[in-house]
Amino acid sequence: MDKQIEHILIVGGGSAGWITAARIASRYDVASNAGIRVTLIESQSVGTVGVGEGTWPTMRNTLRKCGISETEFLRSCDATFKQGARFNRWTDGSSGEGYYHPLNPPQGSAQLNLSGHWMATKAAQGIDFANAVDFQAALCDAGLAPKSITTPEYGAIANYAYHLDAVKFAAFLRDHCVGKLGVRHIIDEVTKISMAENGDVSGIETNANGYIEADMFIDCSGFASLIIGQAYGVPFVECHEVLFCDSALAMQVPYARPDDPIATHTISTAQSSGWIWDIGLPTRKGIGHVYSSAHISHDQAEAELRAYIGPLAANLSARRIPIRSGYRKTIWVKNCVAVGLSGGFLEPLEASALMLVEKAVDFIADRLPRTRGAMHILSKQFNISFEHHWMRIIEFLKLHYVLTKREDSDFWRDNRRSESVPDGLAEKLELWRHHPPSPDDFAHANEVFSWPSYQYVMHGMGFEADYRRDPLILAEAHQAARWFAQAAQMTKTATSQLPPHRDLIDSISRYGLQAV
Amino acid sequence: MLEALDPQRHGDLHLKSDFDISSVENRGHARLGFSEMVNAAADYPIIFMKDGSSGAFHLCALFGFESNRSLYALGQIWHANWLPMDITRGPLALVQTGREWVVGANTADPRLSKTGGQALYTPERRPSSWLTTATARLLAHREDLAAADAFTGALVKASLIAPLKVELNLSDGQVREITGLYTINALAIQQLEVSLAIELLRNGVLGGAFNLLATQGQFSRLRQLFNAHSGPDILAMSLRVGV
């Protein structure tokens, strides 16, 4: 008889390990259901890498599914609301230029495509795409929150994700998993991965807890990739030829004044050979420089980072993090699946790291193989899907670089070289010179970056295209005008009613949000 | 502006304490103390609304479907038998000064003047007997509001509060959806763990909950009053809980 899956062993803590544990334990009610057991083993000596302090809006659903109160999460993880990203100096490098990639899709995007209509009307009036089609960019500009204190937990007026302290997040999830969800937590060193004759992982050897058997293993061991990378030797697909950044320098920067406004979006500012992220938490900012060491020395990169931060950086030290961009060719092998950094990593330009963890865990938790036999088919589906996601994310990240008109360094010129542009992206860009991005350009049902994201970046960066002669422009003009008017009306209403971001964070800290 | 009353500065103030409909016709609701539920139930739908600064639920009597208009004010008459303390207190309210609560007033309110109505202070600048009684009522009301908050808190803790959406189909073809109202989810009461249900029954929370639920019938009264005012009529009204 086919073996039932009863014991799931997660190797590695950190955000990936604990999100995985929480979702599975919550989905299968492990605390009161003897049918499934979840164990997480993590090493005391391996710290949390803290991949990105930004999430996607999907995190709201993930937390809710884990039975977590948003108020508790916000308070415990020093979290704030994130409504998208602003990309400064990416297009021509001048100090005033920039654009938003908000989390709200354009108004009316389910009914019609506003790209051509924007070109025909609003662009000529000097209104940028993000501000013409939706109200969220205006909220970001004004530093206003995406909801108010009367909006229930996880409810939104404008779509939002979070900025958070990744170390506190992992600790918060750990306490929730162990205290409420029935996850067994072991702190120990993994000394050996034991394989069965059929190639499955049969168990792990540990220093203090001996041999631990399980039916399914989740490799959340970070860059070490203990099982998928080391035990199975799954090759790593490098994408260094496409995305050149290979290093990051990170700093935790206090606010000049404790009540300084908190930005409600990630600020991404292009530099000579990379870009700087700037994320606002309640008590500090997370600021870091992602760069290509082939184009700039580490010392020069640190100097650019310090220049960006200004005098506040004087007594702070920067932590250097190597970036190896790419992914494991296969991330579910036999009875083991890699989640998080063990499966791959890309520069945090669009905060995709935690989103990919959630996406993997959604699949695993919702379609947990009932038996070992079912695993083969599910893993095949999973691997096809994830290879697709990795390739599409790489294309979308490259889009930010390929559309630049910067001429100030080899980094930007090299990024435009056609041999560095993935074929899929080059093909789409050719099409989009004449046709706006559309849902039909994205075959996958659950595409991570779909056409609205491309619209925001392309129009934000002045992609050279002209859709004004599209016959639909005349036919849909009335409808488009209505959506533009709605966006303008919502901008007026939202900016007059929503509170400053810091005020809301303070109110939540004091009163909490209601569940309904 | 709400300020603490001071015999030196406000010693000559008088308050017109008679009911003045113009002071309440622009109120969409009034906050209730726990003990007021019984009387309010005879006239108004009782619901919860969120406080704009803290997001906390407040127990309220609903006067209409707009935040600044009471349907009960019609033809210079208030069409109900009983008024909540939140209305009858007029411009008086308690004000915190340090740790102490003292009586204060919205001194810009037109019901306060130097002539006519109840004197707030004696010629010797001591609180009048009228003000002493009014202050005692305000203090009792404060405790009653705290009891309402405790009632609401127990319901929140037991996950019994749910959004109430009211949809109005009007005779001019408009469909209006009223949001921001909350009530008790009766189905959730039925699904309570027995031990929690007993606890809530014994501490009076379930009794209050059933009182509140019974006032949903008063939405028909709101509909009746709405139609008695000029403008389009409500042809159909639906209440949905937990949506």
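Before reading on, note that the structure itself is shown above.
An account of the accompanying structure is given in this report. As the structure is a computational prediction, the values presented were derived from the model and not from experiment. (Residues numbered from 1 in each chain as written. Chains lettered and ligands numbered in written order. Predicted model: local features only at pLDDT ≥ 70, side-chain atom pairs only at ≥ 80, totals over all residues. Heavy atoms only, no water.)

1. Overview of the overall build of chain B
We count it as follows: Note on conventions: DSSP H or I runs of at least 4 residues are helices, E runs of at least 2 residues are strands, and numbering of each starts at the N terminus. With a 1.4 Å probe rolled over the protein chains alone, any residue whose accessible area is under 20% of its type maximum counts as buried; one over 50% counts as exposed, and the rest are partly exposed. Should any heavy atoms of two residues lie within 4.5 Å, those residues are considered in contact. In this tally Asp and Glu are treated as negative and Lys and Arg as positive; neither His nor the chain ends contributes. Just so you know, the charge point we use is NZ for Lys, CZ for Arg, CG for Asp and CD for Glu.
Assigned secondary structure in chain B consists of eight helices and 14 strands. Taken along the three principal axes of its C-alpha coordinates, chain B extends 60 × 50 × 30 Å. When the 243 residues of chain B are sorted by exposure, 44% land in the buried category. Sequence-distant contacts, at least 24 apart, represent 72% of the contacts inside chain B between residues at least 6 apart. Placing the 21 positive and 23 negative side-chain charges of chain B at their respective mean positions leaves the two points 2 Å apart.

2. A word on the packing of helix H1 (residues 14-27) of chain A against helix H7 (residues 166-180) of chain A
All names here are of chain A. Under the convention used in this document: Between N-to-C directions, angles span 0 to 180 degrees; the directions come from axes that are lines fitted to C-alpha atoms, helices contributing only their stretch in contact. For classification purposes, an angle smaller than 35 degrees is called roughly parallel, one larger than 145 roughly antiparallel, one from 65 to 115 roughly perpendicular, and anything else oblique. Each crossing is labelled by how the near helix is turned from the far one, with a counterclockwise turn of less than a right angle marking it left-handed and a clockwise turn marking it right-handed. Residues are sorted three ways: Asp, Glu, Lys and Arg are charged, Ala, Val, Leu, Ile, Met, Phe, Trp, Tyr, Cys and Pro are nonpolar, and all the rest, Gly among them, are polar.
Orientation of H1 relative to H7, taken along the N-to-C sense of each, is 25°, at an axis distance of 9 Å. Classed by the angle they form, the pair H1 and H7 counts as roughly parallel. Judged by the sense of rotation from one axis to the other, the crossing of H1 with H7 is left-handed. Here Gly 14, Ser 15, Trp 18, Ile 19, Ala 21 and Ala 22 of H1 lie close against H7, whose contacting residues are Ala 166, Phe 169, Ala 170, Leu 173, Arg 174, Cys 177 and Val 178. Taken together, the residues of the contact of H1 with H7 sort by class into 10 nonpolar, two polar and one charged.

3. A few points about the packing of helix H4 (residues 115-122) of chain A against helix H16 (residues 477-497) of chain A
Residues and elements named next belong to chain A. Between H4 and H16, whose axes approach to 10 Å, the crossing angle comes to 80°. When the axis of H4 is compared with that of H16, the two are roughly perpendicular. Seen from H4, the contacting residues are His 117, Trp 118, Thr 121 and Lys 122; seen from H16, they are Ala 477, Ala 480 and Phe 484. Looking at the contact of H4 with H16, its residues break down into four nonpolar, two polar and one charged.

4. Side note on helix H10 (residues 352-366) of chain A
An α-helical turn contains 3.6 residues, so a residue and the one three or four places further along point in the same direction. Residue and element names in this part refer to chain A. This is how the line gets drawn: By definition here, a helix of n residues has an expected span of 1.5 Å times n minus one.
In a regular helix each residue adds 1.5 Å, so 15 residues correspond to 21 Å; H10 covers 21 Å between its end C-alpha atoms and thus fits that length. When you tally the buried positions in H10, you get 11 out of 15 residues, the bulk of the element. Where H10 is concerned, the buried positions are Ser 352, Leu 354, Met 355, Leu 356, Val 357, Glu 358, Ala 360, Val 361, Phe 363, Ile 364 and Ala 365.

5. Here we look at the nonpolar core
Note that soluble globular proteins tend to have their nonpolar side chains buried in a common cluster. What counts, and what does not: In plain words, nonpolar cores are sets of buried Ala, Val, Leu, Ile, Met, Phe, Trp, Tyr and Cys residues tied together by side-chain atoms within 4.5 Å.
Phe73(A) and Met216(A) are the most contacted members of the largest nonpolar core, which totals 148 residues. The residues touching Phe73(A), leaving out its near neighbours within four places in the chain, are Leu63(A), Ile68(A), Ala79(A), Tyr162(A), Leu164(A), Phe169(A) and Phe172(A). Judged by nonpolar contacts, the second largest core, of 55 residues, contains Leu62(B), Leu181(B), Leu200(B) and Ile234(B).

All quantities given are derived from atomic positions and should not be read as evidence of function.
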